[in-house]
Structure formats: structure tokens, C-alpha cells
Amino acid sequence: MHHHMSLLRDLQALDHYIDRLRQEVAELDNGERLREKIERSRRRLEEVKARYQEIHATATNQELRLQDLGERIRRAEADLYSGRITNPRELQLLQHEIEQAKQSREDMEVEMLRIWERMETMKNDIDEAERDLQYAERLYQAHVEDYNQRKAALESEIAFHLSERADLAAQIDSDALARYEQLRQRLGGTAVAVVEQKACSVCHTLLTPYILKRLQNEDALIACESCGRLLYDPLLAH
Ligand SMILES: [Zn+2]
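Quantities reported herein were computed from a predicted structural model and do not represent experimental measurements.

J.: Any chance you could explain the packing of helix α1 (residues 5-27) against helix α4 (residues 174-186) here in plain terms?
T.: A pair of packed helices is characterised by two quantities: the angle between their axes and the separation of those axes. Remark: α1 packs on α4, axes separated minimally by 12 Å, with the N-to-C direction vectors making an angle of 40 degrees. As judged from the angle between their axes, α1 and α4 are oblique. Here α1 and α4 pass one another in a crossing that is right-handed. Two secondary-structure elements touch here, α1 through Leu8, Leu11, Gln12, Asp15, His16 and Asp19 and α4 through Ala176, Leu177, Tyr180 and Arg184. Considering only residue class, the contact of α1 with α4 consists of five nonpolar, two polar and three charged.

Take a look at the structure:
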């Protein structure tokens with residue numbers, strides 16, 4: 001067995017640990033769903049506001065029409081009592097027009113009340129949508145702060161172990177290290193297997209007497225014949 005195998009095994013343990021930390025970083029929830037919720041709340045608020053603007057315009061219009069109508073009634077009544085019109089038929093006609101105008105003013109006032117009621121309801125809807133949005137924003141902010149803290153903590157831990165790894169790698173024979181890196185990349189992160197009861201700890205294939213003998217006698221990198229991983233035998237380590 002190569003005299004640096006125990007260092008390679010240590011390196012692998014460290015690499016596995018760093019991989020797990022990186023995985024944890026990747027799995028951290030960056031708050032994307034909360035951000036989408038903010039967008040939905042914002043769109044809803046905009047919709048409610050737009051509808052309020054519409055009804056507000058309708059109300060303003062209606063008020064102008066009411067003022068206009070009131071003015072017309074006032075003038076017609078002034079005309080009626082001015083004594084200018086003497087023809088009874090004409091007077092009757094004017095009186096009738098005034099009555100009709102008053103009736104439609106009444107209808108419009110009832111309609112106006114309904115519009116105001118709807119505006120009140122919509123103001124409440126706007127308030128509610130605003131509160132919703134503020135709440136979603138606060139939630140998102142708190143989440144992002146938490147996310148950033150966790151991420152920074154994990155990243156500094158990774159940096160610490162990477163420097164530890166560099167120190168360890170510097171002690172290992174460069175050919176052995178290169179072989180380790182190659183295998184690690186090709187075999188999904190695990191390049192070193194341990195001999196456990198004469199079998200490979202990763203693929204569980206029983207090792208041949210020939211391989212076991214080589215492990216014992218040669219200062220070389222010996223690989224599992226089945227999965228190709230470098231074999232480390234703790235019983236042979238010193
Ligand atoms: Zn194997």
C-alpha cells in the first residue's frame with residue numbers, strides 16, 4: 001500500500017465534509033417563494049388601487065352631473081316664478097320638466113350613495129392589501145437576513161477547511177494526489193475505499209488474495225479490481 005494512503009483517506013474525509021457544507025449552501029432557501037409572494041401582493045394592491053381610481057372618476061363625474069342638474073332646476077324654478085311665462089300650457093310644461101329633473105336628481109343621489117359605499121369598501125381593501133404587502137416585505141427581509149447569515153457562516157467554514165485541505169494536500173506525493181483527484185471526479189466524490197474483512201468498503205466486492213498480497217508488500221497505489229477505487233487498509237497503516 002502506498003505510504004501516503006492514510007493521508008489520502010484523511011483528505012477524502014475532509015473533501016466529503018467540504019462537499020456536505022457546499023451541499024448545505026446549495027440547499028439554503030434564498031427566499032425566492034417569499035419574493036414571489038411580495039410580487040403577488042404588490043400586483044393585488046395595484047389592481048385594487050386601479051379599481052378605486054376608476055370608481056373615484058365615476059363619482060367625480062356623477063357629482064358634476066348632479067351640480068349641473070341642480071343648477072338647471074334652480075334656473076327653471078326661477079323662470080317658473082318670474083312671471084315671465086303666462087301661457088298656462090307653457091307653465092304646465094315647465095313644471096313637469098322641473099318635476100322630472102327632480103326625480104332624476106333623486107335617482108342620481110341614491111346612485112351616488114351606493115358609489116360612496118363601494119368606495120369605502122375599496123378603501124378598506126386597499127388598506128388590507130397594503131398591510132399584506134408590508135407584512136410580506138418584512139417576512140422576506142427577515143428571511144434574507146437569516147439566509148445571508150447562514151450562508152456566510154457556511155462559506156467561512158468552507159474556506160477554513162479548504163485551507164486545511166491545502167495543507168494536507170501539500171504533504172501528499174503529487175502523482176498519488178493527481179490519481180486521487182481524477183478518481184474522485186470520475187467516481188462521484190469517493191476515490192478511496194477501505195479494506196473491511198477482505199472486501200472493498202464501497203462496492204463490497206471480496207478482494208483477491210493477489211490484491212491483498214500487493215497491498216501488504218508494495219509501496220504503490222492499489223485499486224479495487226471491481227470499482228477502481230484506491231484501497232486503504234487500516235490494519236497495514238502505521
Ligand atoms: Zn470496490
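The structure having been displayed, the exposition proceeds.
J.: Is there a simple way to explain the nonpolar core in this structure?
T.: Inside soluble globular proteins, nonpolar side chains tend to come together where they are buried. Grouped together as the largest cluster of nonpolar side chains are 37 residues, with contacts concentrated most on Met5, Leu8, Leu11, Leu207 and Leu231. Sorting the residues of this core by element identifies α1, α3 (88-170), α4, β1 (192-196), α5 (209-217) and β3 (230-232) as the ones contributing at least two each. No other element matches the eight residues that α1 contributes to this core. Both domains that furnish three or more residues to this core are identified here as domain 1 (5-24 + 173-236) and domain 2 (31-170). Residues contacting Met5, with those up to four places away along its chain left out, are Val192, Leu221, Leu230, Leu231 and Tyr232.

J.: What's the story with the pattern of salt bridges in this structure? I'm lost.
T.: When charged atoms on two side chains of opposite charge get close, those side chains can pair. A full pass over the atoms with the stated rule returns 18 salt bridges. Of the charged contacts in the structure, one is a salt bridge between Glu71 and Arg75, with a shortest N-O distance of 3.6 Å. Of the two residues, Glu71 and Arg75 are both situated in helix α2 (residues 32-81); the distance of four residues between them amounts to about one turn of the helix. Exposure remark for Glu71: the relative accessible area of 31% places this residue in the partly exposed category. Between Lys102 and Glu77 there is a salt bridge, and its shortest N-O distance comes to 2.7 Å. Highlighted residues: Lys102 in helix α3 and Glu77 in helix α2, separated in sequence by 25 residues. A relative accessible area of 34% means that Lys102 is categorised as partly exposed. For Glu77, a relative accessible area of 24% translates into the label partly exposed.

Conventions we followed
Residues numbered from 1 in each chain as written. Predicted model: local features only at pLDDT ≥ 70, side-chain atom pairs only at ≥ 80, totals over all residues. Heavy atoms only, no water. Axes fitted to C-alpha atoms, helices over the stretch in contact; angles between N-to-C directions. Helix = DSSP H or I, 4+ residues; strand = E, 2+ residues; numbered from the N terminus. Parallel < 35°, antiparallel > 145°, perpendicular 65-115°, else oblique. Left-handed = near helix turned anticlockwise from the far one by under 90°. Contact = heavy atoms within 4.5 Å. Nonpolar A, V, L, I, M, F, W, Y, C, P; charged D, E, K, R; others polar. Core = buried A, V, L, I, M, F, W, Y, C linked by side-chain atoms within 4.5 Å. Buried < 20%, exposed > 50% of the residue type's maximum accessible area, 1.4 Å probe, protein only. Domains from an automatic or database assignment. Salt bridge = Lys/Arg side-chain N within 4 Å of Asp/Glu carboxyl O.

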